[in-house]
Amino acid sequence: MNLSLIYLFSLITFTLSSPIKLQKRNSRWDYSSDDIYGVNIGGWLVLEPYITPSLFDAFGGEDSTKPVDEYHFTQYYGKDNAEKVLQNHWSTFMTEDDFELMSQYGLNFVRIPIGYWAFELLDNDPYVQGQVEYLNKALKWCAKYNLKAWIDLHGVPGSQNGFDNSGLRDTLTWQNDQKNIDVTVSVLKTIAENYSTDEYKDVVIGIELVNEPIGHDLDETKLEDYYNQGYDIIRENGDVPVIIHDAFYQLDHHWDNILNTQIDPNIWDVIVDHHHYQIFSVDELKRDIDDHVKVACNLGWQEANEYHYNVVGEWTAALTDCAKWLNGVNRGARWDATFQNDYAIGTCDHLFTADYSYFQDESVRSMYRKYVEAQMDAYTHSKVMGWIFWCWKTENLIEWDFKQLVSLNIIPQPLTSREYYNQCGYVTY
Ligand SMILES: *[C@@H]1O[C@H](CO)[C@@H](O)[C@H](O)[C@H]1NC(C)=O
């Protein structure tokens, strides 16, 4: 019998004899039974122009002259000024009150994006440091208010996706230079060493190897190599669950055979992170609310059948791409035909900035509520072990702002309350 037949045979018997305990359990979090209700702290330790536009507007002038990401933001200011501005941002944007409020809203989790530059700089990087102190504070507040956390490596050297939220927009050179991979691995080692300790045992229930690597434009073998290497680094340092993003390969069981306990019994506690937005193409934007709901529910069905337990690590209430600079500084929206689209689906008048009264209109409010509830149901279904809303707060974007959506009664309180029952055909609460 050759090796692959043995694997196949053991796979079949294993599947028959143990339908549920696919992964070794540890004391941090049981991903086979406990659902995550979480928020992302977007725009804090990694800048995103659309979440905090005032920081980028401070440069004045035309949008076309403004920095488009944190790399250029720090470069434009120079280290000293950048450090001043960012220290102020880090110490005011998130405070202990935020964590207390999360807990009051029934959340049990936060995902905290952080860039490699918080830990290590490349030669000539304009980035400034100081984020780690705030990460540590956040984790302490999590402990105090009974919240669990993932540390999410959101930007790696050269950028893994070219998004502004990787720190460096319109660049995709992570895999082009071994030095970039080496720094990534070194940073991951620091994170694994420093956050696997007993001090964080009750808080850190995941380290995410890299956020949103853009699979179709990357070398897949190199990405898998990095995931395998990242797994080993985390295991060498302890028992923190390992989070791998799906690299936008969301269907066809793409990740089933990667870091799979049935193939390699030494592997355990690997969780796949899926991100679901329905607004970054014209086809998705054109869906009516019932189609949006149907798509979300179908994702819940599909991901329920994956090998790995999985979590929807990013999703939103947004039904448009109208938020100013969502698509990047100096770019408009597909919704109103000001970006990559030559006919308008609608207007962005009420949506570019916070028009609170628009969202109180009952037909608008209930449409958003319906979509939010469907996603909450879909993403706590079977092996889909929870949801992490993007994001906790923004300067003024209601569609993206958990806090404001709660106060508008669009995000339910308690989280399990429903105005629309059983939209997905499976009851999850
Ligand atoms: C990691 O932990 C070591 C040992 O406590 C400490 O010296 C170092 O500053 C920490 N590094 C980071 C980035 O937190």
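Structure shown above.
Please read these numbers as outputs of a predicted model, since none were measured by experiment.

Enquirer: Residues and numbers for the sheet that holds strand β6 (residues 270-276), please.
Expert: With parallel pairing, eight strands are arranged side by side around a closed barrel as β1-β2-β3-β4-β5-β6-β7-β8. Shown here is a sheet whose adjacent strand axes are inclined to one another by a mean of 30°, direction ignored. Of the strand pairs in this sheet, strand β3 (residues 148-155) and strand β4 (residues 204-208) are connected by four bridges, and their pairing is parallel. Opposite aspartate 152, over in β4, you have glutamate 208 as the bridge partner. Contacting β6, β7 (310-315) and β8 (384-389), helix α12 (residues 362-378) crosses the sheet at an angle of about 160° to β7.

Enquirer: Give a description of the packing of aromatic side chains that names residues and reports values.
Expert: Tallying each qualifying case throughout the model produces 32 aromatic pairs. Ring plane angle 85° and centroid distance 5.2 Å describe the contact between tryptophan 174 and tyrosine 226, whose orientation is recorded as edge-to-face. In this pair, tryptophan 174 sits in the loop between β3 and α7 (178-195) while tyrosine 226 sits in helix α8 (residues 220-237), placing the two residues 52 residues apart along the sequence. Tryptophan 174 gets classed as buried once you look at its relative accessible area, which sits at 0%. Residues tyrosine 277 and tryptophan 400 carry aromatic rings whose centres are separated by 5.8 Å and whose planes lie at 40° to one another, so their mutual orientation is tilted. Highlighted residues: tyrosine 277 in the loop between β6 and α9 (282-285) and tryptophan 400 in the loop between β8 and α13 (402-407), separated in sequence by 123 residues. Considered together, tyrosine 277 and tryptophan 400 belong to a single accessibility category, that of buried residues. Looking at lysine 393, its charged tip hangs above the ring of phenylalanine 93, at a distance of 4.6 Å from the centre.

Enquirer: I'd like a description of the site of the ligand, backed by residues and values.
Expert: In the vicinity of the ligand, the contacting residues are Phe119, Val132, Thr190 and Asn194. Within the contact set of the ligand, an oxygen atom lies 2.4 Å away from a side-chain nitrogen or oxygen of asparagine 194.

Enquirer: So what about α7? Which residues, and what values?
Expert: The end-to-end C-alpha distance of α7, which contains 18 residues, comes to 26 Å, matching closely the 26 Å that a straight helix rising 1.5 Å per residue would cover. Where the residues of α7 are buried, they touch α6 (131-144), β3, β4 and α8. Two or three places before lysine 179, at the opening of α7, aspartate 177 has a side-chain oxygen 3.0 Å from that residue's backbone nitrogen.

Enquirer: So what's going on with the state of the cysteines? Which residues, and what values?
Expert: Under the definition given, this model contains two disulfides. Cysteine 322 shares a disulfide with cysteine 348; S-S distance 2.0 Å. Measuring handedness by torsion sign, the sulfur bridge of cysteine 322 and cysteine 348 sits at about -70° and is left-handed. Of this pair, cysteine 322 sits in the loop between β7 and α11 (356-360) while cysteine 348 sits in the loop between β7 and α11, and the two are 26 residues apart along the sequence. As far as burial versus exposure is concerned, cysteine 322 and cysteine 348 are alike and both buried. Disulfide partners in the chain, listed by the sequence order of the bonded cysteines, are 1-4, 2-3. Cysteine 391 supplies the cysteine sulfur nearest to cysteine 142, a cysteine that is in no disulfide, at a spacing of 16 Å. By relative accessible area, which is 0% here, cysteine 142 ends up buried. For cysteine 391, a relative accessible area of 0% translates into the label buried.

Enquirer: Help me get a handle on the pattern of salt bridges, residues and values and all.
Expert: Overall, the coordinates contain 22 salt bridges when judged by the stated rule. We note a salt bridge from arginine 111 to aspartate 273, for which the minimum N-O separation is 3.5 Å. Highlighted residues: arginine 111 in strand β2 (residues 109-115) and aspartate 273 in strand β6, separated in sequence by 162 residues. Accessibility expressed as a relative area gives 0% for arginine 111, which makes it buried.

Enquirer: Before we move on, can you summarise the side chain of glutamine 375 with the specific residues and values?
Expert: Structurally, the position occupied by glutamine 375 is in helix α12. Sequence-distant contacts of glutamine 375, that is, excluding residues within four places in its chain, are made with His276, Ala296, Trp315 and Thr316.

Enquirer: So what's going on with α12? Residues and values would help.
Expert: In a regular helix each residue adds 1.5 Å, so 17 residues correspond to 24 Å; α12 covers 24 Å between its end C-alpha atoms and thus fits that length. Within α12, 14 of the 17 residues are buried, which leaves the element mostly enclosed by the surrounding structure.

Enquirer: Break down unusual backbone geometry for me, citing the residues and quoting the values.
Expert: Residue cysteine 391 is bonded to the preceding tryptophan 390 through a cis peptide linkage, with omega at 0°. Inspection of the secondary structure puts cysteine 391 in the loop between β8 and α13. The amide bond that connects glutamine 413 to the next residue, proline 414, takes the cis arrangement and shows omega of -10°. Inspection of the secondary structure assignment puts proline 414 in the segment after α13. Positive phi outside glycine occurs at alanine 247, with the angle close to 60°. Among the structural elements, alanine 247 can be located in the loop between β5 (242-245) and β6.

Parameters and conventions
Residues numbered from 1 in each chain as written. Predicted model: local features only at pLDDT ≥ 70, side-chain atom pairs only at ≥ 80, totals over all residues. Heavy atoms only, no water. Pairing = 2+ DSSP bridges. Helix = DSSP H or I, 4+ residues; strand = E, 2+ residues; numbered from the N terminus. Axes fitted to C-alpha atoms, helices over the stretch in contact; angles between N-to-C directions. Contact = heavy atoms within 4.5 Å. Phe/Tyr/Trp six-rings, centres within 6.5 Å; stacked < 30°, edge-to-face > 60°. Buried < 20%, exposed > 50% of the residue type's maximum accessible area, 1.4 Å probe, protein only. Lys NZ or Arg CZ within 6 Å of the ring centre and 35° of its normal. Near = heavy atom within 4 Å. Polar contact = N/O pair within 3.5 Å; in protein donor to acceptor, adjacent residues only side chain to side chain. Expected span 1.5 Å × (residues − 1). Disulfide = S-S within 2.5 Å. Salt bridge = Lys/Arg side-chain N within 4 Å of Asp/Glu carboxyl O.

By themselves, these figures tell us nothing about what the structure is for.
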